Structure formats: C-alpha cells, structure tokens
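Spelled out from the first residue to the last, the chains are:
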Amino acid sequence: MPTTGILKKGRYHEAHPDEVQGKQPLSHLREQTPGSNSFIEDTIWEDREKWDVFNEENGDREEQDFSPFVQTVLKIAKLLVYLLSFTLVFVCATLSKVSFFLVSSQLTAPSVYNAQLGGGGGNVTGSGSGSAWRLAAEIQQGNWYLSIWIMMSFPHIVSLYRCTKVMLFRTTMWPTIGIFILTFVFETLHTIALGTFAFRVIPLMDPAYGAMLTSALCFVPGFMRIVSFRAHKKCGLVRKVLDAVTMLMQGSVFAWLFLKLSLTDAGIATFSLVCISLSYWETFVSERATIPLFATLGKAKHKIRATRYKTYFMINLWKIIASFAIMYYFAIDAKVTDLKMNGLFVDVNRLVIYMTILQCAATLFGYATARFACKIKIQRFSFSLALVLSTVATIALLWARCAIAPAARDAINKNGLVSTFVSDCGAQVSLSTFYNLAISNMGWFWLLWLLSQLWITSHIWTPGLERLAKTSKIFVRPFYCGLIFDIGMQLNRSTDEKKEIRDTLDAGGGKLAMIPDFNKTADFMYESDPMPHSSGKPEDMTTTIYFCATMWHETVSEMRELLKSIFRCDQDQSARRLARDYLHRKDDDYYEFEVHIFFDDSMSYDNASEPEAVMNDFVIQLISSIKDAARAVTGATFDIYFRKISTPYGGCLEWELPGGNLLVLHLKDKMKIRTKKRWSQVMYLYYLLGWKLLDDMDCDVTKKQAIADNTYLLFLDGDVMFQPSSLLLLVDLMKKNMNVAAACGRVHPVGSGPMVWYQKFEYAIGHWLQKSTEHMIGCVLCSPGCFSLFRGSTLMAPNILSKYKQNAETGVEYIQYNQGEDRWLSTLLLQEGFRIEYCAAADAYTQAPESLAEFYNQRRRWMPSTIANIIDLLLSCRNTVQKNATISWLYIIYQAALLGATLIGPGVTLLMITGALTAALPSADLSVTSAWISFTLNFLPVLLFCVICASGSPKIQIQAASILTGLYGIIMVIVFVGTIVQVVQTSANGPSGVFLWVILGSFVLSALMHPLEFSNVFHVLVYFMAIPSTFILLTIYSFSNIHVVSWGTRETAVAKAGMDDNDEITSVHMWMKMLGLSTSSLRRRLESALSFNFHNLFKCMCCVRPGYRDEFHRLAMLEQLGKLDHKLDSILVTMRAPSTGTHFPETSDAGAAQLSSTPERQNQVGIGLQPHWMTSEALATGHVTYLQHKEIQFWGLLLDKYLKPLVETAERTEKLNRELKELRNTSCLAVFILNILFITMVFFLQINPDVNVEWILDRTQKLTPIAMAFIALYISILFLQIVSMLFHRMGTFMHIMSITHLNFGHCFRKRKEFTGDDDLQVNGVHLVKQLQQLQHVDSDSMNTDNVYAVPISDQQPGPSNDSFKSRFKLKRRQKTVKYEDAFIKRLDQLPQTDDIVPDEERDWQEEVQVSRGVTLKRKTAFALSMKSPHRKNTLTAKTSS
C-alpha cells in the first residue's frame, strides 16, 4: 500500500514477519494450515456456530452525510446555481458595457444632430421638434458627463467600503513610502487613461467600434507573459511563439488607430490603451521574470498585497477625486455650456438617472456573482464563458440598435427617450450596411484582437485555487473597472500560479507558523527569518490528519459512536486511495490519517491480589466495541489484527483497520504519567509533532515545514460522532488560509430529556449567532476539543505548547489551565496572531448531560474558565491587536460588552422577571406596590440560594437548584402570560412588545436560515422556562464552587471510590502495605526516594535516603518490586531479546546481574518484560512487539521532564486550596456587588417615574435611562449578530455548493469519444466504495477456503467419537478483511471481455451488473476491467486483436 507523508513509519524492533517481507500483515494469516497453532488464526474466524446464522442488519453502516432527498435538493440547487450565475454574469456584463457606450455616445449628441441635419441624413419631421431635441441634448450633455464619472467612481466607492470594513475589524499594515508611491503612480496612470478613454477616445467613433476596441487592452499583459513566466519544458517553444504572435496581434490596434483617426487622436488613444492595460501588471508580472525590472515588480506585488487595504483606502479616495477632475477638464474642453457646479444636479433627465443606476447595479451584481462562481469552483462556465460571450453580445447589440433607428426617429414626438441612443445612426440600415462597415472601416481587426485576448487571458479557463478561496487570491485588485467590466474582470483574475514559496497572507498582520529549526541558535525561526521554500513534492503536500481522542469513563454506546466515525473515515480514505492508485483519479480531497486514542486512568490497582497494573473495565469495553463498530460500518463480522506494546507511560495497542490505517490506543498508567485531558493533549502534541515530525523524520527543515503546514490534528472527545465530509469541510478552511490555526464545526448535543432539549436550543443559538459573528467580525474565541482541527505548524510555533504545558501554580491559573483547556489553547493561538474559524456545515454530535446535576457541574467548569480566558484576552488586548490581524479594537469592545452582560446577567434576568410579574399580578394598577411584591418574590429565592451555596455542600446546592428550577419554571409561565397581557393591553410598539418581537423574530429568522436544524426552535419554550435557572442560579453556583477542582462529569462510583488523578498517596500506601512496610511514616517516605537495582535490593527496602524528591523514579522502583514478587524466578526467561535489531545492549551474564539504575536502563528493563496487563483475556490474540530504543528514550525524557505524576504535598495542596477559596470569595463578592448595584439603581429608577424617559415608539410609555440604554445595546448586538449570521450563511451555502457534484461533464462530449474513463474520473470514489465492501465479498458456500477445522482439544468439553465432526468443530470465517483485497477481488471477478464488449456501438450505453448491487454502463465496466492488475495485459491484447 503506497503511503506518503509521515504516517506508518516503522517503530518496532520485532515487526510482524510479513511486514519484513513487505506483505500485508493478514496475507500470511490466510496461508495458515488447519493444523497450525498460530496465535492469530482465530482472529479472522467468526466466533459463532454453524447454526448461528441469523444476522442483525445494522442500519448504522448506511449513515450518510445527507438524506437522499437532501442530496437531490442540493444537486438541483447546484444546477440552478450554474444557470443563474451564468445568466447574471452574462447579462450584467452585457448591460454594463452597452449602457456605458450608449451613454458615451451622448457626449457628442448636439454635434451629431447638427451633422445629420446639415447633411440631410435625418428624417426628423418638423423643425420645432428637431430644435427641441437639440436643445434638450445640449442641456443634458453635462449630466451625461456626470453619469460616466459616477460609473467610473462607483467601484471605488464599493472598494472604499470594503477597505473601511477590513480596517475596522482587522489589523492591517501601513504601506512603506516606496510601495505607496509605486501603487499611486500606476493607479493614477490608470485613472487618467480610463478618463481619457471614456471622455475623449470613445466619443470619436461609433459605440460598436468602441466596444471592439476594448478587446485590444492586452498589449502590455501580453508582453509581460513573455518576460515573466517560465515556459513548460514540453511546449516551451510553442508557447513563446504564440505569446509573440498574440502580442503582435494586439499591437495591430495602434496601426488601426492611426489609420482611422487623426495623428493627435490616435496618439491619445494609444496612450489610454497602454496605460489601462499597464494597470493590470500585478496579474502577469512574476519574480521569475528575465528582465530585472519586472522581477523587482514581481517581488513588490507581495508587499502591496500585504498592505492592500490601507493603501487602497487612500488610493480609492484619490481616484474618485482625480476622475472628477478629468471629467471636468474634458467637459470644459468640449465646451459644455451647462457644466456648472451649482446647477449640475438640477433638471436631470430621468434617462440619465436610469442609465446610471442600471450600469452601476449591473457591475455590482456582476462582480458579486463572478466572485461567487470562482469561490465555488464553477469558473469555466459561469465566469469565463459568460464574460467572453458578453463581449460578443455587446458588439452585436450595439450594431443592432441602428436597425430600430428609423422607427425610433419617426416616434420622436411620442417618446424622445427611445431615439436618444440612435441619433448617430443613418437613415437606412441593412445587412450590406453591416458588411460595408466591417470591411471599409476594417472591423475585421477585431477578430485579431479577440483571439489574442483569449490567449493572453487563457488562465481564466484553468483555475487552480482551492474551494472558497479568498477574494484577494481570486482577483488581484480589490475593485473592478465599471467601464470595461468584462475585459477588466478577465485581466484582474489572478493566474493561480503555483508558487514555490508559502502563500502570502492578504492581511498585513497575518502570521505564518514556522517550525523549530535545530540547526539555528534560536529555538524557533521567526518571521524575520527567510521563509523556507516548499519542496513542491506531492508527498510533502499530502494532507495528513492525526485523530487525537481522549477517553476516560465513556459508556459503551459513546465509545461505539466514536469508533464508527473512525471506521467511516477509514472506508472513505481507502476509497480515495484506491481510486487514486488504480483508477488514476486526481483527488484534491485526498488525505491520510492515523487514529490515536489516549485513555486516562486505564490501569487499575484496586485488587490487592493483583499488585500489578491491569486494564480497567472501561478499556476492556472499548476493545470489545471495536469489532461491533467495524461490523456496523462494513457489514461484515471479523476480528482485526492488533499488536500490544509495553511503553514507559503504560502501554499501547495497535490495530490495522480494513483500509490500512492505524488505530493506536495509548493506555496511560497514573503511576507513570500525569492524567487528565490537558496532559493527554501535551502528550500527543509532543509525540506526534515533536517526535514523529521533527525528531524521527530524517529530512531537512524545508521538507518538514511543508509537511507541518499540511499536517493537522483532529481533537476529539471520546463520545463524538461525525462524517468524513465534515472532516473535509474543516480541511477546506485550513487550506483556504495559511494563517488559520484551528477550525471548529457545528456541535449538536445528543441525548434525551428536558435538559438536553434546553442544550439543543442553547447550542443552536450559540452557533447560529455567537460563533458566526465571531467568525465574521474577528476570530472564534474557543475551538472546542470535542471536534476541532488544528494545524500542526501553528501548534509548534513559539509560546503555544511551551505555555500550554506549564503547571498551574496559582488559583487563577488552575481555573484557566485545567478547567477549560480547550479555551486556554485557543487563547494562546489568538494571542500569537493566528486565526480560528467556524464551519457551520461540519456537523458533529456529542453526548450532552441529561441531568441537572451533571449539567451544573459541567458548566461550573466552563463558566469560570471562559471568563478567565476572556479577561486574559482583554488584558492583553494591545499586544493581541498588534499581533493578530483578525482582531480589532471594535472586536475587543464587542467581547467586553458581552463579558459585562454576562457578569450582570443575574441582575438583568431578575429585573426582567420582576417587570413581567408586575404586569401579570392582579394589583397591576398599584405599580409601586406590585413592583415591590414582584421584586420580593424573585429576590428571596435568589438570596436563599446564595446562603445555601455559601454554607452547604455541592450536593445540597444541586438539590436546592433543582427545586428552585421547578418553581422558576412556573414563574416563567406566569411571566410569559404577563408579557403577552402587557403587549395586548398597552401596545405592540411598547418596550415589552418590541423586545419580545425582536427576540422571537431573531430566533425564527435564524431557524429559517438553518432549515436542517429548524426543529431546534421548538425547544424555545424549555429554554425560556430554564432562563432563571441557567442565568441566575447557575451563575451563583459556578462562582460559589470555583474552588472545587473535580471534573464533575463521568465520575462513576468506582472512580469516586478509587484513587484521585492527582492523589498518589493512596497508591503509595497500597504498595507499601503489600511490601510489608510500615505506613505510620507515610508522609516522611513521600519526601524520600529509593535507589533500586539488584545489588541494592536490601538497601532500597530498608535504607531510605532523605531529601531525594524524584517521585517518578521512586514509583517506578515500587512497580518493579511488585513485578519481582511474581516474576523473580522467570525474569531471565521473559527478558528475551528480539533476534534482529534488539533494543537491549549486548551484555554478559555478570553485566545482566548488575543493572544500572539510570532512567534509560529502567525503561529498557520495563519494556523488556511482558507486563501483567498484557495477559488479559481481552488481549489474548494480540501480538507482542517492542518499541525502538530511540522511542523508548524519547518517552523516558518526556515523562521525566514534563509529564511525570504530580506529587501533591500538603503545603502545595493547602496553598492551592487557599488561593482557590480566596478567588471564590473575591469573585463572588465582585459579582454580588456588581449585580446589587445594578439591581438597586434600575429598580429604584423604575419605581420613580419622575426620572423616566419616553419610549421612542410609544410616547405613552416610559422607561428608565438605564433600561433604555440596555435595550438599545442589546438590540444593537443582536442586529450585528443577525447581519453576521446572514453573511456567514452565504459563505456556508457557497461551501456546500462547492462540494456538491452534478457529474454531467461527460454529457457534453460526443458519444464516440466517451470511453468510460471519464465516468471513472467523476464517480471513481463512489464506485470504489461499492466495490471495496467487505460484506458478501467471500462466497457463502462451505468449501475448503472458508472452513476451518478446530482441534478437539480447543473445543468445549463434551461427548466424543472417532468421526470428523466429533473431532473438529467447523466455523465460518470472513476471509477478506481488507478493502484493497476486496476491491481487487471484485475487479478480478468482473465479466470477461467478450461479455462486456457489445456487438454494436450503440450497446455501449447499456448497463451490466459487475457485482452484487453494482450496475454500470458497458463502457464504464470495460474501463474498470482494464484496471485489474491481473487482467490488464490480457484484456488489452484481446481488445487490440
């Protein structure tokens, strides 16, 4: 199996024999004879009797990303998007250009009228009407000039808005003086040239010829193509010749101009054409140019891109002013009599307004649609073809307008607007007229210009950008040209050149992560260092993903969901790999992955009769769930070959999945390594990035940098469920922007009960509004660890992992580091300048707390850690804004406002309930008395709960919260009724009514924008009833229990009764008791250590050396003593070394008897033994292998330096508890005072009507100033969130459309040209998924290939006789357990060539069945049969004959 990247490297000393021979591990297992005693033979046999044939059809394997109905809807939507986008781009480009040239024809309308009238060419009847038309033309001529100026300036106004938005919500760089001057010169020349072209050149000729002239704007780009791009080896000469010919064809326009115009006018036209085309130099110039000047410009364009927004903020203002000055100059030069500033906008003709609006709207919608088409990768049809056809359509329409000229002039008295744009046409128009115009005026030159333009802009037909590429990657300049929209869009489209350097960010403050370079004196390469060039090799750019899941006490169903997700990804990756290797299909979404599950507290020491570590029940149930998960996905029942390895941190198990990917289960022993989620993350970050990528990989830093940029870590929880498409959507966001450090998906809570209903609505609103707003105006603040993708190179950047691995020394650090590790890691990434994004289409499902107690304990951890990290981000805002290009001061203000609203949330909720109760009580007429009663009814339960939280245990607090939650639920029903009554009695425009409609409207609108999640909105009633509990009681509970450091969730009875993660005193007590040592001096023994080896055995039992505090080595020694108690007699036998490449150094017997006590030697001894946990019945079929010495050394050093178990001394524990309690007291006091002040101020203002202000929508109702300000602030934030959500939904829609394939490309080809390979390229992955299925791949008949005879000694006791059936028990087995084997087997079973090839050509489209449930067209089946490695040569020979 070919692999790339850094996966599947050898890491064992004793590999499987087949691996040494280069075979698949299971291939040798199929060769075993019935009499073999191989330990692996039963692993491929289904452990069932012959009569046990009633299978359970598990529907889980049919799980898809979307239902068939939704997939059909998406394909229909994609088809409509194709057609609609093409139509919009084509129509908008045509209208914009036609309207501009028609308007430009009016700049010389009076002179045209005079010429026609003097020459008698006109057919205007009535001198009165002709004079009126001439007078109107003279009066409106100045407004036509103004119309063209608006057309020129409108794109710059749009660009100015975009630059302003980016500058407000992003941190961008200021340009240097040199870069600004360079940009200023080019853009000024473009403005002067474009104004000259519009006001001076175009009026000299017929509008149709003016439109033809725009195809000759590629002379300078054609020259830059010659000097800038490196020619391809195979067609270098041909390309150079074509480039030279097309440049000459473009240059023919200058001869045409000098032939048709005067010398002065031709010179002016030449200047305008050259300077307009020069403005698109960034698209075609390259740093690899052969001319030094162009090479320098190629390097400068990257700097311009980095400072684009601030540069063009000033440039756009200048271009608007400069274009007005040019317009005014040419109007005065043309002696426009009515061009006066004070009367410029007076008596403007409606036609001028209509044409201006039409042209500006057409360019705006055309630009937006063209950008949309490029983002979702439908550029060829909806962008390139539409723009090219619009050029032809524009010229055709401008010529055809003269066909209506006679009729229009006859109707001038009825409709002067119609005849305005045909005043320059002759009296008689015919086909011969068009022919004469084309020949006599040399219109055939346009064909030369058009063909050369198509070649010079040929890059628009070969797009190479990723999905959802940023606009700065799609288009070079941040605006479009309104006057020459079609040609300008083609020239402005970037060339998507494959760069040899890492992509430059368009945001000036963007930061690229640099991996450590050990060859440098510094630990890391900083931005000042030169960027390493990408190696450009495909294997270095292959997407590599490490699935990193953490587990603790998950249930069987939760484990199974994660494992099924892993098997689905294995199935998808295998199909993509087989399609690539066998069908030669190019796949931009190809990826490779490994799975690493880190199991906390996996070893048990509870059984005194088993002093050694054994796997706990949770690990055993995970191992047993692997087979069930594989059957649920593949439909076949089989066991998977696995290895068991002893490691310095405990052990690990490795499975090779059916697709060839690895599943590694790391068993963490709390006696050897730190537990809890954050330390598991530190463990796999150092292992996967520090060890596997940096240390163990033998290559230079250039290749490592390329691999690190394309290596991702998928953080998972042990209960998450996701689809492969969700993973690929996250990868798309990472590929889109190198500055993105993490991408998170849409997390859906799973479970049952009212508490889960509440969380479904809460998660929905949080993702719909909050996360989408953070994504649009700044960065997502938290990438949850349940389902998030992190870039490897960013995690290796300075100040990320180096800070993340730090121990919590203070109470605040403990809350920030250990209670919310996901948010802490996200905060570090943001502070270092990286970006976190949110993908709403990447769905993942996780188990949610179903009880109030579990929910409160979960949020008790989340809320303080969230507030602590936000405060940390706000306190470092100056440094963060400076480093992070996507975090602005406005975003900091937004987060500060949300933090303030969270802190006063209990007070706000209390006052809102009080106000609603006041309206609902019967004594509503006595407002003051009713307010006091309502306030008392609300405040007393809250005060009572505060007292309970201050004095009672967490269990009592939860019980009190449960009771109050029920009572508040009833109150909230009254509140809801009271609010409705208040709205009905007063007015719908009152404060309560407006607030209610805004809230409900935002919820309904958000749900409508998420149709697949619309059902979540029905849980709003549960959410509404739980508001007092979650906004008041939960806040009080969280702050009152800050000092509680337990995890709070998944704490089973066994776990609570057992050892705590950080309390090693119990384990040491157990060891000392088994060793017969006294426990009265346990504390004194914790402050000492034992030096252990065989020579010092008596010394380590009796002679303690005080003062040595290395607890890690002491615990390791105690573990060895336990092993010696059981294995001392057989230790020399079990310490067998592998025959080749042993990790034990060669020593004499005397040396073996005198082992060193160094950590390295201890690790070797520990790994050499087979630990007791390997003897578990669940691991009986596993094969024991050994780590390499180098990896053993890595783990030993990592454990000793960063991950050795923490010994909580009495002083440290007391200090931490004291600080946590002080933090609790301070936080509770601050929040309590803040809310009391807010409640007091607002409440007394509310009952004092003299200080109230009138409600702006209903003067009869009054509000307090604070209430008015709060409503205004809340509605403003909600409005911002709604707008951000709409923009984010548009981005999500584009993302979904970009991954939706219609598969109709081959339908446009001729039937004779269709060979079947096209179908394999389009549907290859789907076809391979069908052919690689393991279910039914083997024959169901009982023959010698699928029957295995088990010796009678291995059977259960029972009666026996001499017959074969009594001596052997027959079992049926799944013979094929690899996707690749199943795929090849089905390829070999395809019908013979004679059965596929039809007698007539028309029968190629008939369908044939190639496998069970797989039907293909004959040509596709024939092309597929040619891919079989065993039949390819035979089929080729038969076909040729």
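None of these values were measured; they are calculated from a predicted model. (Residues numbered from 1 in each chain as written. Predicted model: local features only at pLDDT ≥ 70, side-chain atom pairs only at ≥ 80, totals over all residues. Heavy atoms only, no water.)

Asks: Explain the pattern of salt bridges to me, and be specific about the residues and the numbers.
Replies: Tallying each qualifying case throughout the model produces 32 salt bridges. Notably, a salt bridge pairs Lys-883 with Glu-832, separated by 3.4 Å at the nearest N-O pair. Residue Lys-883 is found in helix 33 (residues 877-883), and its partner Glu-832 is found in the loop between helix 31 (821-831) and strand 12 (835-847); the two are separated by 51 residues along the sequence. With relative accessibility at 30%, the residue Lys-883 sits in the partly exposed group. Overall, the relative accessible area of 6% leaves Glu-832 in the buried class. (Salt bridge = Lys/Arg side-chain N within 4 Å of Asp/Glu carboxyl O. Helix = DSSP H or I, 4+ residues; strand = E, 2+ residues; numbered from the N terminus. Buried < 20%, exposed > 50% of the residue type's maximum accessible area, 1.4 Å probe, protein only.)

Asks: Explain the sheet that holds strand 7 (residues 662-668) residue by residue, including any values.
Replies: Judged by pairing direction, the sheet is mixed, and its 11 strands sit side by side in the order 9-12-10-11-8-1-2-7-6-5-15 without closing on themselves. Looking along the sheet, the strands with just one partner apiece sit at the ends: strand 9 (721-722) and strand 15 (1183-1185). Bridge analysis of strand 8 (residues 711-717) against strand 11 (residues 787-791) gives 5 bridges, and the strand direction is antiparallel. Each residue of the ladder has a partner; that of Phe-715, found in strand 11, is Ser-788. Lying over the sheet, helix 27 (residues 754-777) contacts strand 10 (740-750) and strand 12, oriented at roughly 155° with respect to strand 10. (Pairing = 2+ DSSP bridges. Contact = heavy atoms within 4.5 Å. Axes fitted to C-alpha atoms, helices over the stretch in contact; angles between N-to-C directions.)

Asks: Hey, could you go over the confidence of the model for the protein for me, with residue numbers and the actual values?
Replies: Summary statistics for the protein give a mean pLDDT of 76 and a share of 70% for residues scoring 70 or more. Long-range and interchain partners of residues 13-47, a stretch whose pLDDT sits below 50, account for 76 contacts in this model, where long-range means more than four residues apart. Predicted confidence for residues 1306-1312 stays below pLDDT 50, and this span has 6 contacts to residues more than four positions away or in other chains. (pLDDT = per-residue confidence, 0-100.)

Asks: Can you lay out the packing of aromatic side chains for me, pointing to particular residues and giving the numbers?
Replies: Applying the stated criterion across every chain, the model contains 56 aromatic pairs. Taking the centre distance of 6.2 Å and the plane angle of 35° together, the rings of Tyr-591 and Phe-593 count as tilted. Exposure class is identical for Tyr-591 and Phe-593. Each is buried. Taken together, the ring pairs in this structure connect Tyr-758, Phe-761, Phe-855, Tyr-856, Phe-1003, Tyr-1023 and Tyr-1037 into an aromatic cluster. (Phe/Tyr/Trp six-rings, centres within 6.5 Å; stacked < 30°, edge-to-face > 60°.)

Asks: Describe the pairing of strand 5 (residues 642-647), and please don't skip the residues or the numbers.
Replies: Of all 6 residues in strand 5, 6 are buried; the element is thus mostly enclosed. Neither face of strand 5 is exposed, since Phe-642, Lys-644 and Ser-646 on one face and Arg-643, Ile-645 and Thr-647 on the opposite face are all buried. Bridge count for strand 5 against strand 6 (residues 650-656) is 6 bridges, and the pairing is antiparallel. Its bridge partner being in strand 6, Arg-643 is matched across the sheet by Glu-654. Here strand 5 folds back onto strand 6 in antiparallel fashion, the turn holding 2 residues. By the bridge criterion, 3 bridges tie strand 5 to strand 15 in an arrangement that is parallel.

Asks: Tell me about the side chain of Ser-384, and please be specific about residues and values.
Replies: Topologically, Ser-384 is positioned in helix 14 (residues 379-400). Residue classification places Ser-384 among the buried positions, given a relative accessible area of 0%. For Ser-384, the residues in contact, after removing those within four places along its chain, are Gln-379, Ile-460 and Trp-461.

Asks: Explain helix 9 (residues 263-278) residue by residue, including any values.
Replies: If you check helix 9, its first and last C-alpha atoms are 22 Å apart, about what 16 residues at 1.5 Å a residue would give, namely 22 Å. The set of residues buried in helix 9 consists of Asp-265, Ala-266, Ala-269, Thr-270, Ser-272, Leu-273, Cys-275, Ile-276 and Ser-277. (Expected span 1.5 Å × (residues − 1).)

Asks: Residue-level account of the nonpolar core, with values.
Replies: One finds Leu-713, Leu-795, Tyr-856 and Phe-945 to be the most contacted residues of the largest nonpolar core, which totals 131 residues. In terms of residue count, the dominant contributor to this core is helix 24 (residues 677-695) (12 residues). Residues in contact with Leu-795, not counting those within four places in the same chain, are Leu-685, Leu-689, Leu-713, Phe-790, Ile-800, Leu-801, Leu-825 and Leu-829. In this structure, Phe-599, Met-603, Met-615 and Met-1174 belong to the second largest nonpolar core, which totals 84 residues. (Core = buried A, V, L, I, M, F, W, Y, C linked by side-chain atoms within 4.5 Å.)

Asks: So what about a nonpolar patch on the surface? Which residues, and what values?
Replies: Among the surface-exposed residues, Val-973, Phe-976, Val-977, Ile-980, Val-984, Leu-1021 and Met-1025 lie close enough to one another that they form a single nonpolar patch of about 590 Å² accessible area. Positionally, Ile-980 belongs in helix 37 (residues 954-985). (Patch = residues over 30% accessible without salt bridge, like charges linked within 9 Å, V, L, I, M, F, W, Y side chains within 5 Å. Areas by Shrake-Rupley, 256 points an atom, 1.4 Å probe, with all protein chains shown as cover.)

Asks: Can you explain the packing of helix 52 (residues 1317-1331) against helix 56 (residues 1418-1425)? Please cite residues and give values.
Replies: Put simply, helix 52 and helix 56 touch, their axes get as near as 11 Å, and they point 75° apart. Relative to helix 56, the element helix 52 lies roughly perpendicular. Residues Asp-1317, Asp-1319, Leu-1320, Leu-1327 and Leu-1331 of helix 52 touch helix 56, and the partners they reach there are Thr-1420, Ala-1423 and Leu-1424. For the contact of helix 52 with helix 56, the residue count by class is 5 nonpolar, 1 polar and 2 charged. (Parallel < 35°, antiparallel > 145°, perpendicular 65-115°, else oblique. Nonpolar A, V, L, I, M, F, W, Y, C, P; charged D, E, K, R; others polar.)

Asks: Help me get a handle on the environment of Leu-996, residues and values and all.
Replies: Within the element layout of this structure, Leu-996 appears in helix 38 (residues 991-1008). Separated by 17 residues in the primary sequence, Leu-996 and Thr-979 have C-alpha atoms spaced 8.2 Å apart. Apart from residues no more than four positions distant in its own chain, Leu-996 is found in contact with Thr-979 and Ile-980.

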